[in-house]
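# A closer look at the structure
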Amino acid sequence: MRKNYGPIYVAPIAFWLIAFLSVPLLITLSYSFMEKGLYGGVELKFSLAAYKSLLNTAVLKVLLNTIVIAVASTAIMVALALPTAYYIARSPVKNLLLMLIIIPFWTNFLIRIYAWIAILGSNGLLNSFLISTGLLDEHIQFLYNRYAIILVIIYTTIPFAIFPLYSTIEKFDFSLIEAAMDLGASKFRALWLVMIPNIRSGITTAILFTFIPTFGNFAVPQLVGGTDSWMLGNLIVRELNITRNWPLASSISVVLTSVTMIGVLFFMRSQSKKEL
Amino acid sequence: MKKLSLLLLSAAALCLSVQGCSDSKKEEQAPSKDKSAEQKLFVYNWTYYIPDQVVRDFEKAYNVKVVYDMYASNEEMFTKLKAGGGGYDLVFPSGDYVSIMIKENMLEPIDKNKMPNFVNIDPAVLNKINFDTGNKYSVPYMMGAAGVAVNTKEVPAGFDKSWSIFNRDDLKGRMTMLDDMREVLGAALKSLGYSVNTKNVEELKKAKDLVKQWKSKIVKFDAESFAKGFAAGDFLVVQGYAENVFLELDEEAKKNVSFFIPKEGSAMYMDSMVLLKNAKNKELAYTFMNYIHKPEVYAQVADFLMLPSINVPARDIRKVKPNYEIADLERSEFKEDLGDMLKDYNQIWQEIIVGE
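Residues numbered from 1 in each chain as written. Chains lettered and ligands numbered in written order. Predicted model: local features only at pLDDT ≥ 70, side-chain atom pairs only at ≥ 80, totals over all residues. Heavy atoms only, no water.

### Overview of the overall build of chain A
Helix and strand content of chain A: 14 helices and 2 strands. Along the first, second and third principal axes, the C-alpha atoms of chain A reach 80 × 70 × 35 Å. Taking all 276 residues of chain A together, the buried fraction comes to 43%. When the accessible surface of chain A is summed, it comes to about 15400 Å², and 71% of that surface belongs to carbon and sulfur atoms. (Helix = DSSP H or I, 4+ residues; strand = E, 2+ residues; numbered from the N terminus. Buried < 20%, exposed > 50% of the residue type's maximum accessible area, 1.4 Å probe, protein only. Areas by Shrake-Rupley, 256 points an atom, 1.4 Å probe, with all protein chains shown as cover.)

### Observations concerning the overall build of chain B
Per the secondary structure count, chain B includes 14 helices and 11 strands. Burial analysis of chain B (356 residues in total) assigns 56% to the buried set. Here the analysis covers contacts within chain B between residues at least 6 apart in sequence; of these, 74% occur between residues at least 24 apart. Only carbon and sulfur atoms are counted for the fraction: they give 51% of the accessible area of chain B, which is about 16000 Å². (Contact = heavy atoms within 4.5 Å.)

### Section: the sheet that holds strand β6 (residues 175-177) of chain B
All names here are of chain B. One open sheet holds the 5 strands; their spatial order is β7-β6-β8-β5-β9, and the pairing between them is mixed. Two strands bound the open sheet, and with one partner strand each, they are β7 (220-221) and β9 (257-260). Bridge count for β6 against β7 is 2 bridges, and the pairing is parallel. Bridge pairing links methionine 177 to phenylalanine 221 in β7. (Pairing = 2+ DSSP bridges.)

### Examining the interface of chain B and chain A
Of the residues lining the interface, 40 residues belong to chain B; the matching set on chain A comes to 43 residues. Here chain B and chain A share an interface that buries about 3600 Å² over both sides, 61% of which is from carbon and sulfur atoms. In this structure, the connection of chain B to chain A is made through 0 salt bridges. Run the count over chain B and chain A and you get 11 residue pairs in polar contact (both at pLDDT 80 or more). Within the residue set of the side of chain B that touches chain A, elements represented by two or more residues are α1 (2-21), α3 (74-82), α4 (95-103), β7 and α14 (342-353) of chain B. Looking at the side of chain B that touches chain A element by element, the count peaks at 11 residues for α1 of chain B. Here the side of chain B that touches chain A is built from residues that sort into 16 nonpolar, 10 polar and 14 charged. (Buried area = accessible area lost by both parts, 1.4 Å probe. Salt bridge = Lys/Arg side-chain N within 4 Å of Asp/Glu carboxyl O. Polar contact = N/O pair within 3.5 Å; in protein donor to acceptor, adjacent residues only side chain to side chain. Nonpolar A, V, L, I, M, F, W, Y, C, P; charged D, E, K, R; others polar.)

### Quick look at the packing of helix α6 (residues 181-191) of chain B against helix α7 (residues 201-217) of chain B
Residue and element names in this part refer to chain B. Relative to each other, α6 and α7 sit at 110 degrees, their axes nearing to 9 Å. In this view, α6 runs roughly perpendicular relative to α7, as classed from their interaxial angle. For the pair formed by α6 and α7, the contact residues are Val184, Leu185, Ala187, Ala188, Leu189 and Ser191 on the first element and Glu203, Leu204, Ala207, Leu210, Val211 and Trp214 on the second. Within the contact of α6 with α7, the residues separate by chemical class into 10 nonpolar, 1 polar and 1 charged. (Axes fitted to C-alpha atoms, helices over the stretch in contact; angles between N-to-C directions. Parallel < 35°, antiparallel > 145°, perpendicular 65-115°, else oblique.)

### A closer look at the side chain of arginine 244 of chain A
The residue arginine 244 of chain A is located in the loop between α13 (232-242) and α14 (246-275) in this model. Salt bridges are absent for the buried arginine 244 of chain A, whose nearest opposite-charge side chain, glutamate 75 of chain B, sits at 5.4 Å. At 2.8 Å, the side chain of arginine 244 of chain A and the side chain of threonine 79 of chain B are in polar contact. Beyond its immediate chain neighbours, meaning those up to four positions away, arginine 244 of chain A contacts Lys36, Tyr39, Gly40, Arg238 and Glu239 of chain A together with Glu75 and Thr79 of chain B. (Lys, Arg positive; Asp, Glu negative; His and termini not counted.)

### Quick word on the environment of alanine 72 of chain B
On the secondary structure map, alanine 72 of chain B appears in the loop between β2 (65-71) and α3. Sequence separation between alanine 72 of chain B and lysine 217 of chain B is 145 residues; the distance between their C-alpha atoms is 30 Å.

### Brief notes about the environment of asparagine 120 of chain B
Residue and element names in this part refer to chain B. Looking at where asparagine 120 falls in the secondary structure, it is placed in the loop between α4 and α5 (123-127). In this structure asparagine 120 comes out as buried when scored by relative accessible area, which is 13%. Ignoring anything within four residues of it in the chain, the contact list for asparagine 120 reads His293, Pro295, Ile310, Asn311, Val312 and Pro313. Of the polar contacts made by the side chain of asparagine 120, one reaches the backbone oxygen of histidine 293; its length is 2.9 Å.

### Observations regarding the side chain of arginine 318 of chain B
Residues and elements named next belong to chain B. Tracing the sequence through the fold places arginine 318 in the loop between α13 (312-317) and β11 (333-334). A polar contact of 2.9 Å, which involves the side chain of arginine 318, links it to the backbone oxygen of alanine 302. One polar contact links arginine 318 to aspartate 303, side chain to side chain, over a distance of 3.1 Å. Excluding residues within four positions of it along the chain, arginine 318 makes contact with Ala299, Ala302, Asp303, Met306, Leu307, Pro308 and Ser309.

### Focus: the confidence of the model for chain B
Residue and element names in this part refer to chain B. Across chain B, the average pLDDT comes to 88, with 90% of residues at or above 70. For the stretch residues 11-36, pLDDT sits under 50, and the model shows 30 contacts to residues farther than four places along the chain or on other chains. ipTM for the predicted complex: 0.81, alongside a pTM of 0.83. (pLDDT = per-residue confidence, 0-100.)

### Concerning the packing of α7 of chain B against α14 of chain B
Residues and elements named next belong to chain B. Close contact between α7 and α14 brings their axes to 10 Å; oriented N to C, the two are set at 25 degrees. The orientation of α7 relative to α14 falls into the category roughly parallel. With respect to the hand of their crossing, α7 and α14 are arranged in right-handed fashion. Between α7 and α14, the contacting residues are Val201, Leu204, Lys205, Lys208, Val211, Lys212 and Lys215 on the first element and Asp344, Tyr345, Ile348, Trp349, Glu351, Ile352 and Ile353 on the second. Here the contact of α7 with α14 is composed, by residue class, of 8 nonpolar, no polar and 6 charged. (Left-handed = near helix turned anticlockwise from the far one by under 90°.)

### As for the domain arrangement of chain B
Residue and element names in this part refer to chain B. Examined at the domain level, chain B breaks down into domain 1 (20-143 + 270-324) and domain 2 (147-265 + 333-354). On the domain 2 side, the residues contacting the 15 residues of domain 1 number 9 residues. Buried surface at the junction of domain 1 and domain 2, both sides included, amounts to about 1000 Å², of which 62% is carbon and sulfur. Summed over the three residues of domain 1 that lose the most area to domain 2, namely Asp96, Asn323 and Tyr324, the buried surface amounts to 41% of that side. Our count for the contact surface shared by domain 1 and domain 2 stands at 1 salt bridge. Where aspartate 337 meets lysine 103, a salt bridge forms, and the shortest distance between an N and an O atom there is 3.1 Å. The tally of links from domain 1 across to domain 2 stands at 2 residue pairs in polar contact (both at pLDDT 80 or more). Looking at which element gives the most residues to the side of domain 1 that touches domain 2, the answer is α4, with 5 residues. When its residues are assigned to classes, the side of domain 1 that touches domain 2 shows 8 nonpolar, 4 polar and 3 charged. (Domains from an automatic or database assignment.)

### Points about the pairing of strand β1 (residues 40-46) of chain B
All names here are of chain B. Taking burial as the measure, the 7 residues of β1 include 7 buried ones, the bulk of the element. Bridging between β1 and β2 involves 7 bridges; their strand directions are parallel. Bridge pairing in β2 links lysine 40 to lysine 65. The sheet contact formed by β1 and strand β3 (residues 90-91) spans 2 bridges and is parallel. In the sheet register, tyrosine 44 faces β3, and the bridge partner there is valine 91.

Here's what the structure looks like:
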């Protein structure tokens, strides 16, 4: 009789998912239905207070702001990553180019954000350059607004869009493009109508890999955001560390996780339908 | 194979980027129970709050060992103690947390007979303390307040040393205030002539309107990186603690900075030494508290922190001029625990920073 090794193979990943995904999610979910402890923590009593305090315009405003930033960043990232990935896949030095994309990641995430602050600040490199060349008389405040957040998010997250696109484009059979062009399609038309549908799975992955971290981001708005750039992640940090309302923090995080999950499921379903 | 290496690369990238987000401030180590003959004192204190030299001198003078753990916020300390962590003897909470810890029955009353140097502490300062009237449970350690730092190279002299500087149109977009409810609302309440611990909702609402005016002029509420921006010249006026601001500046840059406590007053803090009820080395803890308030030792601590000295004899022997004097804090008030009012403060603050 052959031994069934299946359960042994899945054991590590199952343990990982249960211990570091399911259990934390369940804890978060149950905390969101409890009462707030006086000085932080939770009381073991059922309460809907956290969800009630979610229903105010301030939280909805932050949710909307988060969606706008996440959608805009994701769209720009995928739009920029497509030609980049295409270029890398067609290049004779693709390994070198891939390395060049990875190298900035060797520097700590926060240091790279501070580097952007040094570039965009009122006395930063960009302003100094523009003023010294006479293009500007007065400095421009590039930082501390929504655009700065989007820019820095794109910079820090775009490799997650480039890699999945690269790996699907690399597998794409380019003789199909030649065939389309032989049949009279322009190059752009051939790429758009023949290549794009064939790399759809890569695009889906790229969108998911960039949208999810962006939606939950809090470090970037904290550092380069201004007085009107709150994202859901910042609200959670505030409720956890400062007001110490753990149920409220948990309920916001439940909303964040649900919005992401529903979005992802919906998106994946519509994609798989198209493939049929 | 190529796929695998790609996967590894992106996994490495992911690890690095995730690691960047998690800032672990804790450098603590749970003290272990030690049975050696040498006595040990377990101290739980703010980061960089006692010069190492003072601790080492104490160890040498009494032939003991001090186990020194650090926290970055009162909340962090309180949560850890409540969870039963530690085994600490001495802790350094701020005033509001002293009263919370008294209410929660966590503190041992202080026997001042065991602390002859208590008399060195300025009685005028002790009189202002409402979080533990008469200091039954706490021995004051350091006091201070948030103030305003101005870049005098860019901002012409003659500015009013007042919170109203945050209302100046010509500095719009070049100023920051702390991302701290008590400090910012405290500044507004003081500007309007109210108490920083007000329990009157009407007064709080007026303070909110004032903060909203300031908000339209500042770049952001920030308690983490404002000092870097100030040092780089991005921000010309910042609200903050002197020690945070000056930490980022070199000697040359310090000449172009004016730091003041606004004339209306500010929300003050007092960090005190408290003895935990379940402390194991109470006698040694008294020795330590008494040692800290020896004038020559306290002068060393106050010089290191560049804060005003609450120890009267230490004032004459300190070598470094503090960033501000006790006299500058004349109109300031200690922050107290807000109790049930906390939720109104939180609500008002959320309306200010996020919107209504």
